[in-house]
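Geometric and topological summary
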Amino acid sequence: MGSALAVAQATHWHLRQMGVFRSLADRELKQLVKLAALRLIKIGTDVYRAGDLANHFFLIRSGKVKLYRALLNGRSMILDFHGAGDLFGEGAVFGEDRRGENAEVVEDAFVCIIDRDQFASYLNQHPDVALHMGGVITRRRRRAEAASAALLSEDVRTRLAHALAKLAFEHGHEDEKGLHVDLRLTQTDLAQLVGSTRETTSMAFNAFKRDGLVDAKDRVVWVLQPEALAAF
């Protein structure tokens, strides 16, 4: 009993921190807590894969999740990384029947899992939450469209500069060296972020390193001049 109460209290606190639910009264938030199952998902685990039924969406309490899509040429493209306070898989709430991408845990994650149909009933009572989530989906769709357009119009160097700036702003924390990206990134990860080969992406990254824009060691990336990279 005590354990269940502790989980409910932790879930309540976590949901309260998220902008999408911040305006809810305690009573309304407690109703939502009853719909959420809190799970620890270990690194390397697929939360879902493309083609799976989209019957849940997810809120990250801690840890990191990578969204990526397999391409016809056998490569993969990373769509985004999500961390504490983010939601993902939200397309399930707004008509997505099957997943269009894969979601993989890249750092042990505590995740709140909420059933789509139960949440749909909840949204009928809280249209402000539905409006907020609809805004999240619209912004992400626009970002995805912009990324697709960039693949056609920008060279690898420019795409990598923008991707590194985005990682720094969204997942970076300041240390004595610069903005430390809170993700363990390989050269392959960077290539998949910008839709290029590992070799071409590595050449561009090393050029940024020589110019003093970035640094890296043991899969840790520092972005030293994020504004300069964003301005490419």
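Here's what I pulled together on the structure shown here. (Residues numbered from 1 in each chain as written. Predicted model: local features only at pLDDT ≥ 70, side-chain atom pairs only at ≥ 80, totals over all residues. Heavy atoms only, no water.)

1. A short note on unusual backbone geometry
Under the convention used in this document: Per the convention used, a helix needs a DSSP run of H or I reaching at least four residues, while a strand needs a run of E reaching at least two, with both numbered from the N terminus.
Positive phi outside glycine occurs at Asp218, with the angle close to 50°. Structurally, Asp218 can be placed in the loop between strand E9 (214-217) and strand E10 (220-223).

2. Quick look at the packing of aromatic side chains
How we decide: Side-chain rings of Phe, Tyr and Trp, where Trp is taken by its six-membered ring, are said to pair if the distance between their centres is within 6.5 Å; with planes under 30 degrees apart they count as stacked, over 60 as edge-to-face, and otherwise as tilted. The criterion for a charge sitting over a ring is simple: Lys NZ or Arg CZ within 6 Å of the ring centre, and within 35 degrees of the ring normal.
Within this structure, the stated rule accounts for six aromatic pairs. With centroids separated by 5.0 Å and ring planes inclined at 15°, the aromatic side chains of Phe58 and Phe88 adopt a geometry described as stacked. Of this pair, Phe58 sits in strand E3 (residues 56-70) while Phe88 sits in strand E5 (residues 87-88), and the two are 30 residues apart along the sequence. The lysine or arginine in question, Lys177, covers the ring of Trp222, its NZ or CZ lying 4.2 Å from the ring centre.

3. Examining the side chain of Asp215
Note the following rule: Burial here depends on accessible area, computed with a 1.4 Å probe over protein chains only, as a share of the maximum for the residue type. Under 20% is buried, over 50% is exposed, and the range in between is partly exposed. Here a polar contact is taken to be a pair of N or O atoms separated by no more than 3.5 Å, where protein atoms must pair a possible hydrogen donor with a possible acceptor and residues adjacent in sequence count only if both atoms sit in side chains. What makes two residues a contact is simply this: any of their non-hydrogen atoms within 4.5 Å.
Note that Asp215 resides in strand E9. For Asp215, a relative accessible area of 18% gives the class buried. At 2.7 Å, the side chain of Asp215 and the side chain of Lys177 are in polar contact. Setting aside residues no more than four positions away along its own chain, Asp215 makes contact with Lys177, Phe205, Lys209, Val220, Val221, Trp222 and Leu224.

4. Digging into helix H7 (residues 198-210)
As a reminder of what qualifies: Each residue after the first adds 1.5 Å to the expected span of a helix.
The end-to-end C-alpha separation of H7 is 18 Å, in line with the 18 Å expected for 13 residues at 1.5 Å each. Those residues of H7 that fall on the buried side of the exposure criterion are Thr201, Ser202, Ala204, Phe205, Ala207 and Phe208. Its buried side turned inward, H7 meets helix H5 (156-171), helix H6 (187-194), E9, E10 and helix H8 (226-230). Once H7 finishes, Gly212 follows within two positions and takes phi at roughly 75°, a positive value.

5. Things to note about the nonpolar core
Note the threshold: Only buried residues count toward a nonpolar core, which is a set of Ala, Val, Leu, Ile, Met, Phe, Trp, Tyr and Cys residues joined through side-chain atoms within 4.5 Å.
Ranked by size, the top nonpolar core spans 26 residues in total, and within it Leu160, Leu164, Leu185, Phe208 and Leu229 carry the most contacts. Listed by contribution, the elements that provide at least two residues to this core are strand E4 (76-82), H5, strand E8 (179-181), H6, H7 and E10. Per-element accounting of this core gives the leading share, eight residues, to H5. Ignoring anything within four residues of it in the chain, the contact list for Leu160 reads Leu190, Val194, Thr201, Ala204, Phe205 and Phe208.

6. Let's talk about the environment of Asp52
Checked against the element boundaries, Asp52 lands in the loop between strand E2 (46-48) and E3. You can call Asp52 partly exposed: its relative accessible area is 34%. For the pair Asp52 and Asn102, spaced 50 residues apart in sequence, the C-alpha to C-alpha distance is 9.1 Å. Those residues in contact with Asp52 that sit more than four places away from it in its chain are Asp97, Arg98 and Arg99. At 2.8 Å, the side chain of Asp52 and the backbone nitrogen of Arg49 are in polar contact.

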